[in-house]
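Below, each chain spelled out in residue letters.
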Amino acid sequence: MGCCASNPGGGSKASRVKRWRSTGIIGLRDSKLKTFPDVVIDMERAVRTLDLTHNKISDVPGEISKLINMQRLLIADNLIERLPGNLGKLQSLKVLMLDGNRISCLPDELGQLIRLEQLSISRNMLIYLPDTIGSLRNLVLLNVSNNRLKSLPESLGSCASLEEIQANDNVVEELPESLCNLMQLKSLCLDDNQVKQIPDGLLRDCKSLQNLSLHNNPISMDEFQLMEGYEEFEERRKKKFDKQIDSNVMISSKGLDVGVDK
């Protein structure tokens, strides 16, 4: 760990710390930091939001477990290769943004973050997700795009609150049957993978699903249209599209995208 970059955020160090303590919000993005700031750890329970985006931090210390009231940890675009197991002690954490680092695996203790709602770890080097991810019952958004994943864990089907999964640009070949358990799932994006087929009951059982994107995968449109529940899925997707038009939302020149290459 180390000290803050010289004068990040303006004002003296004492005035910055006073402001951070009063608001609980520590903003140190683009501060040219190479180490995790000691001053942040020293604030312990006072920290609610910590933004260390776009620095050159390579290590997250185990002492991060002292920040037990932290709800948002934004540490994207750094040089982090691993996360400490103590991360699991951050029981108040709701948002964890780790995009654009060098992480190849997540600690099993990730599953202890029982209040976590958003986990984004795109643009890393993940080769698998821990089975303990299934313990994240409040997780709403999972973004693991641009990694090296060959599969998604079966336990993912236990994340009962999941509404959106982004797993584009991996090497995923098959999807777990347990995805059919995700009653709240609205969007599943798997562009640029190796998916040959999807679970038989996915369109039938995931009754909230409105968007399924499988561009640049071996699966064909003919196979997709023959799946049980396809017509109901199409109705949901078109209703979503109609709402976007009614709200004057801009759409691409391709119009209504079916989500699967012909």
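In the block above lies the structure referred to throughout.
This write-up is about the structure you can find in this document. (Residues numbered from 1 in each chain as written. Predicted model: local features only at pLDDT ≥ 70, side-chain atom pairs only at ≥ 80, totals over all residues. Heavy atoms only, no water.)

**Points about the pattern of salt bridges**
- Enumeration according to the criterion identifies 5 salt bridges in this entry.
- For Glu 228, the salt bridge goes to Arg 204, with nearest N and O atoms at 2.9 Å. Highlighted residues: Glu 228 in the loop between helix H4 (221–225) and helix H5 (230–246) and Arg 204 in helix H3 (residues 202–205), separated in sequence by 24 residues.
- The exposure class of Arg 204 is partly exposed, given its relative accessible area of 33%. (Salt bridge = Lys/Arg side-chain N within 4 Å of Asp/Glu carboxyl O. Helix = DSSP H or I, 4+ residues; strand = E, 2+ residues; numbered from the N terminus. Buried < 20%, exposed > 50% of the residue type's maximum accessible area, 1.4 Å probe, protein only.)

**A word on the environment of Lys 94**
- By the secondary structure assignment, Lys 94 is in the loop between strand E3 (72–74) and strand E4 (95–97).
- Accessibility expressed as a relative area gives 33% for Lys 94, which makes it partly exposed.
- Once the C-alpha coordinates of Lys 94 and Glu 117 are considered, the two residues, 23 residues apart in sequence, prove to be 5.0 Å apart.
- Not counting the four nearest positions on each side in its chain, Lys 94 is found in contact with Gln 71, Arg 115, Leu 116, Glu 117 and Gln 118. (Contact = heavy atoms within 4.5 Å.)

**A look at the sheet that holds strand E2 (residues 49–51)**
- Here 9 strands make up an open sheet; going across it, the order is E1-E2-E3-E4-E5-E6-E7-E8-E9 and the pairing parallel. In the strand order of this sheet, the two ends are held by strand E1 (25–27) and strand E9 (211–213), each with one partner. For this sheet, the mean inter-axis angle between neighbouring strands, taken without regard to orientation, is 5°.
- With 3 bridges connecting them, strand E6 (residues 141–143) and strand E7 (residues 164–166) associate as parallel partners. If you follow Leu 142 over to E7, its bridge partner there is Ile 165. (Pairing = 2+ DSSP bridges. Axes fitted to C-alpha atoms, helices over the stretch in contact; angles between N-to-C directions.)

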